[in-house]
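Summary of structural features
One-letter residues, chain by chain:
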Amino acid sequence: MLHNLITDIGEYLIHLNLDDVIQIEDSLKSYRNLKDYRSLFLSKEWILAYCKIYNPKEFIFVKSLHNEMDYFVLEVTNDDVHFLGDPFNDYNYVNIPQNDLIEILLLIKSLTKKRIIINCFPITLSIPYSSYRIDCGLHWCSNGNLDVISSKVLRMYKREKSKVVFTRVEPSSEKFEKLLNKLLEERIKILKVKSIDGNDSSVNDTFSSFIKTLCSDSDISNNIHIDYGLCGDKIVSIGLNFRHGSNILYYLRWCYHASNRCSYGLIHDIENMQINRILGFRIIDFARGNESYKYRLGLIEYN
């Protein structure tokens, strides 16, 4: 079996069929040292936590010969090859040029004889390269302009916001672990009763263990916080966020469903956008997905 191959496509080094993350650990970069906030899924902390919990049997490491920050990792399973970035919620980000990426994936497909999964969908040779989106998402630029929010949502927010008190909690707080556990438990309860795409592998206790392991890594603790909303003595919303420079990745979120007149989730989002603007954050990235609430909040779509 091939173990190392240097391609002539963009001059990338491809390590095929690695069976231990220790073989590439020195090449992985901590999240705080990576150049983009979306690089969370390429970070040393993310990949080591994934390998610890999911114990992949085999994976592939692709690295630029010119820039040590430009790399990505793929997991090899019995049936396919997929990003060891974020296979859970259909969101990945790769630093290398899109055309180089597709060429490399097609080469790996030919060498491994397996399906290549991009954003939960198999790669098909007949589809133009431009159809593959690795870094799709929706983000909201924090310019403080509430006018972009739906008028109906804004009226609800102004009417109900005084009922909810918001607090930001860092990993060093005694509350952090308890809030993280509640977020993961409540999220699973809600998603299990909904009609869920079978590709979502995050609706289980293993994913929860992975997130807990990731958040317990001291190297990433300065880049994580939880925001939660309290109505009286009841927790009504929780959000897990990853921050990098002046940007925030809004990764996991849960809210208690109150009524059609009050959305704790939307109140949580708007309040946090306001708080983060005051704190100097430039972008709040809500990740991939075209859920209607994102448009009601006035989010800006990017590819």
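Definitions and cut-offs
- Residues numbered from 1 in each chain as written.
- Predicted model: local features only at pLDDT ≥ 70, side-chain atom pairs only at ≥ 80, totals over all residues.
- Heavy atoms only, no water.
- Helix = DSSP H or I, 4+ residues; strand = E, 2+ residues; numbered from the N terminus.
- Buried < 20%, exposed > 50% of the residue type's maximum accessible area, 1.4 Å probe, protein only.
- Contact = heavy atoms within 4.5 Å.
- Areas by Shrake-Rupley, 256 points an atom, 1.4 Å probe, with all protein chains shown as cover.
- Polar contact = N/O pair within 3.5 Å; in protein donor to acceptor, adjacent residues only side chain to side chain.
- Axes fitted to C-alpha atoms, helices over the stretch in contact; angles between N-to-C directions.
- Parallel < 35°, antiparallel > 145°, perpendicular 65-115°, else oblique.
- Nonpolar A, V, L, I, M, F, W, Y, C, P; charged D, E, K, R; others polar.
- Left-handed = near helix turned anticlockwise from the far one by under 90°.
- Phe/Tyr/Trp six-rings, centres within 6.5 Å; stacked < 30°, edge-to-face > 60°.

1. What about the overall build of the protein chain?
Scanning the protein chain from terminus to terminus reveals seven helices and 16 strands. Buried residues in the protein chain amount to 52% of all 303 residues. Within the protein chain, contacts between residues at least 6 apart in sequence are counted, and of these 67% link residues at least 24 apart. When the accessible surface of the protein chain is summed, it comes to about 14,500 Å², and 47% of that surface belongs to carbon and sulfur atoms.

2. As for helix α5 (residues 205–215)
Note on helix geometry: an α-helix contains 3.6 residues per turn, so any two residues three or four positions apart are oriented the same way. When α5 is considered as a whole, its buried residues turn out to be Phe207, Ser208, Phe210, Ile211, Thr213, Leu214 and Cys215. Check the buried side of α5 and you find it contacts α1 (44–54), α4 (174–193), β10 (224–231), β11 (234–244) and β12 (247–255). Where α5 starts, the residue carrying a side-chain oxygen 3.2 Å from the main-chain nitrogen of Thr206 turns out to be Asn204.

3. Some details on the packing of helix α3 (residues 151–160) against helix α6 (residues 264–278)
Where α3 meets α6, the axes come as close as 10 Å, and the angle between the chain directions of the two elements is 85 degrees. In terms of orientation, α3 lies roughly perpendicular with respect to α6. In this structure, α3 uses Val153, Met156, Tyr157 and Glu160 to contact α6, whose residues at the interface are Leu266, Ile267, Ile270, Glu271 and Gln274. Looking at the contact of α3 with α6 residue by residue, the class counts come to six nonpolar, one polar and two charged.

4. Side note on the packing of α1 against α5
Orientation of α1 relative to α5, taken along the N-to-C sense of each, is 140 degrees, at an axis distance of 9 Å. Classified by the angle their axes make, α1 and α5 are oblique. For α1 against α5, the interelement crossing comes out right-handed. Judged by residue contacts, Glu45, Trp46, Ala49, Tyr50, Lys52, Ile53 and Tyr54 of α1 engage Thr206, Phe207, Ser209, Phe210, Thr213 and Leu214 from α5.

5. Here's the deal with the environment of Leu105
Relative to the elements of secondary structure, Leu105 occurs in helix α2 (residues 98–112). Separated by 23 residues in the primary sequence, Leu105 and His82 place their C-alpha atoms 9.8 Å from one another.

6. A short note on the environment of Phe83
Its place among the elements puts Phe83 in strand β5 (residues 80–83). Residues Phe83 and Val73, spaced 10 residues apart in sequence, show a C-alpha to C-alpha distance of 6.2 Å.

7. Description of the packing of aromatic side chains
Applying the stated criterion across every chain, the model contains 14 aromatic pairs. Between Phe41 and Trp46, the aromatic rings sit 4.9 Å apart at their centres with planes inclined by 85 degrees, giving edge-to-face as the arrangement. When its relative accessible area of 2% is taken as the criterion, Phe41 is described as buried. Following the ring pairs from residue to residue traces out a cluster consisting of Phe41, Trp46, Tyr50, Tyr54, Phe207, Phe210, Phe242 and Tyr251.

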